[in-house]
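Descriptive analysis of the structure
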Amino acid sequence: MNWFVNDRFGMFVHWGLYSLAARHEWVQTREKMDSSAYQVYFDHFAPDRYDPVSWARTAAAAGMRYIVLTTKHHDGFCLWDSDLTSFKSSRDLVEPFVAACRAEGLKVGFYHSLIDWHHPSFPVDGTHPLRDSSPIPSRDISEYRRYLHGQVRELLTRYGTIDYLFFDFSYANRTEWWGGKGPADWGSAELLAMVRSLQPDILVNDRLGIPGDFITPEQYQPSKPFDGLWEACQTLNGSWGYDRDNLDYKSPEMLIRMLVDGVSKGGNLLLNVGPTGRGDLDPRATPILAEIGAWMDLHARSIRGCGPSAFTAPPDCRLTQNGDRLYLHLFSWPLRHVHLEGLAGKVRYAQLLNDASEIKRVVVDPGETAQNTRMGGQPPGTLTLQLPVQRPDTPVPVIELFLT
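Residues numbered from 1 in each chain as written. Predicted model: local features only at pLDDT ≥ 70, side-chain atom pairs only at ≥ 80, totals over all residues. Heavy atoms only, no water.

Following the criterion strictly, the structure yields 33 aromatic pairs and no others. A ring pair is formed by F12 and Y111, whose centres lie 5.9 Å apart and whose planes are at 55°; its orientation type is tilted. Remark: Y111 occurs in strand 3 (residues 107–113) and F12 occurs in strand 1 (residues 9–13); sequence separation between them is 99 residues. Take F12 and Y111: they sit in the same class, and that class is buried. Residues Y349 and F402 carry aromatic rings whose centres are separated by 6.0 Å and whose planes lie at 55° to one another, so their mutual orientation is tilted. Of the two residues, Y349 is situated in strand 11 (residues 347–352) and F402 in strand 14 (residues 398–403); the sequence distance between them amounts to 53 residues. Given the relative accessible area of 11%, F402 is considered buried. Here K181 stacks its cationic end above the ring of F122, 4.6 Å away from the centre of that ring. (Phe/Tyr/Trp six-rings, centres within 6.5 Å; stacked < 30°, edge-to-face > 60°. Helix = DSSP H or I, 4+ residues; strand = E, 2+ residues; numbered from the N terminus. Buried < 20%, exposed > 50% of the residue type's maximum accessible area, 1.4 Å probe, protein only. Lys NZ or Arg CZ within 6 Å of the ring centre and 35° of its normal.)

Let us look at helix 9 (residues 188–198). Buried within helix 9 are the following residues: S188, L191, L192, M194 and V195. Projected down its long axis, helix 9 carries its buried residues within an arc of 160°, all on one side. When the buried face of helix 9 is taken as reference, the exposed residues oriented beyond 90 degrees from it are E190 and S197. Looking at the packing, one finds that the buried side of helix 9 touches helix 7 (141–157), strand 4 (164–168), helix 8 (183–186) and strand 5 (203–204). (Arc of directions from axis to C-beta. Contact = heavy atoms within 4.5 Å.)

Scanning the model with the defined rule gives 25 salt bridges in all. Note that D125 is salt-bridged to K181, the shortest N-O span being 2.4 Å. On the criterion of sequence distance, the pair formed by D125 in the loop between strand 3 and helix 7 and K181 in the loop between strand 4 and helix 8 is long-range, its members being 56 residues apart. Of the two residues, D125 and K181, neither departs from the other in class, the shared state being buried. We note a salt bridge from E400 to R325, for which the minimum N-O separation is 3.0 Å. One end of the pair, E400, is in strand 14; the other, R325, is in strand 9 (residues 325–330), with 75 residues separating them in the sequence. Through salt bridges with shared partners, a single network forms among D83, E154 and R158. (Salt bridge = Lys/Arg side-chain N within 4 Å of Asp/Glu carboxyl O.)

Here we come to the sheet that holds strand 11. If you walk across this open sheet you meet the four strands as 8-9-14-11, and the pairing is antiparallel. Edge positions in the sheet fall to strand 8 (317–322) and strand 11, since each of these pairs with one other strand and no more. Each adjacent strand pair in this sheet contributes to an overall mean axis angle of 20°, direction not counted. Bridge count between strand 9 and strand 14: five bridges; the pairing is antiparallel. Each residue of the ladder has a partner; that of Y327, found in strand 14, is E400. Across the sheet, helix 10 (residues 252–264) is in contact with strand 8 and strand 9; its angle to strand 8 comes to roughly 55°. (Pairing = 2+ DSSP bridges. Axes fitted to C-alpha atoms, helices over the stretch in contact; angles between N-to-C directions.)

Below, the discussion takes up the pairing of strand 3. Of all seven residues that make up strand 3, six are buried, and the element is covered over most of its length. Here six bridges tie strand 2 (residues 66–72) to strand 3, and the two strands are oriented parallel to one another. Its bridge partner being in strand 3, L69 is matched across the sheet by F110. Handedness of the crossover is the feature at issue here: the chain leaves strand 2, passes through helix 6 (residues 94–103), returns alongside strand 3, and the resulting connection is right-handed. Taken together, the five bridges between strand 3 and strand 4 define a ladder with parallel strand orientation. Bridge assignment links F110 to a residue of strand 4, and that residue is L165. Crossover handedness for the path strand 3 to helix 7 to strand 4: right-handed. (Right-handed = clockwise from strand over helix to strand, strands pointing away.)

By secondary structure assignment, the location of T58 is in helix 5 (residues 52–61). Within polar-contact distance, the side chain of T58 engages the backbone oxygen of S54 at 2.8 Å. With near-sequence residues (within four places) excluded, T58 lies in contact with L281 and L289. (Polar contact = N/O pair within 3.5 Å; in protein donor to acceptor, adjacent residues only side chain to side chain.)

Next up, the structure:
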């Protein structure tokens, strides 16, 4: 788990036939397309601008340390040259992705859908494009289960060491979908055992319906830490796949705050991009990632190797800690002073992390009476930091505190 806890920040890549539709990765089921209607995207998928080296370098420049690629999404289309289906890319797109990640020193992750709307033995359920068919076709999931296990075996035996595997997803008890599927349908225990045997050091998420190595909250920020390791998977604009007309993009400042908030609660952030049908990263995503990268360039040590702190953060702030380094992230910039409970006598030096300029420290006597321009007393044990009036020109300023 060491690399995962240390790195804290990764890129998720959702890419496939749905990128041509350019209106969400669930477009096939949203619009109830059968296989013949969806075939048009298969016939025209020709990613002539696919450049995984550029993807990897963009991720690294953003401060990310691992990338997770959708090898197969719910539509069943495979990005690698699987021996088990003809519903696949005309060339292996996974191999150059793996090579590009390794060349940039990034950990390699695969996403693999447990769902498959294309496979003829995957039983129709409430998620399926054919859910309103009459009659519903009868299908034997044991045939599909063998296919699922066989494809995972291919992915974990063809590309060397794979660091991370994100299965998606079990839904046996989801009331919004009838006919949901879970561990018995996937053969989850046997599948996980095979994964462990083929890649003993791999990290596997929690979506097989049985315990995994980490928990995966999606599209929301947890209000408190989870028991165990966790990673929030988040989008830039609410869609995982390329969504041409979706303009609901989060600001770089919001995304940085989400990253900081997660680390302060012991979690990682897996931030998604949806490349175009030609293979380019969404041009609206790259400037956002560049701004995050500029912040990470100056503030990475408040993220990497850090986790929660036992000290209490002031209002509208977050604390992360790595050994004797405590990092105060200010989501809003107060006038001149910020008060840190329980830290009086425990800090030997303080500085702004962006430029290593000193932040003065004072301890105000608890009995001090406020008068005109004189601050009143603070609770016993409170350390007060004297801030410049001008906020540093960075989305989230960070003060680095060296503990005694």
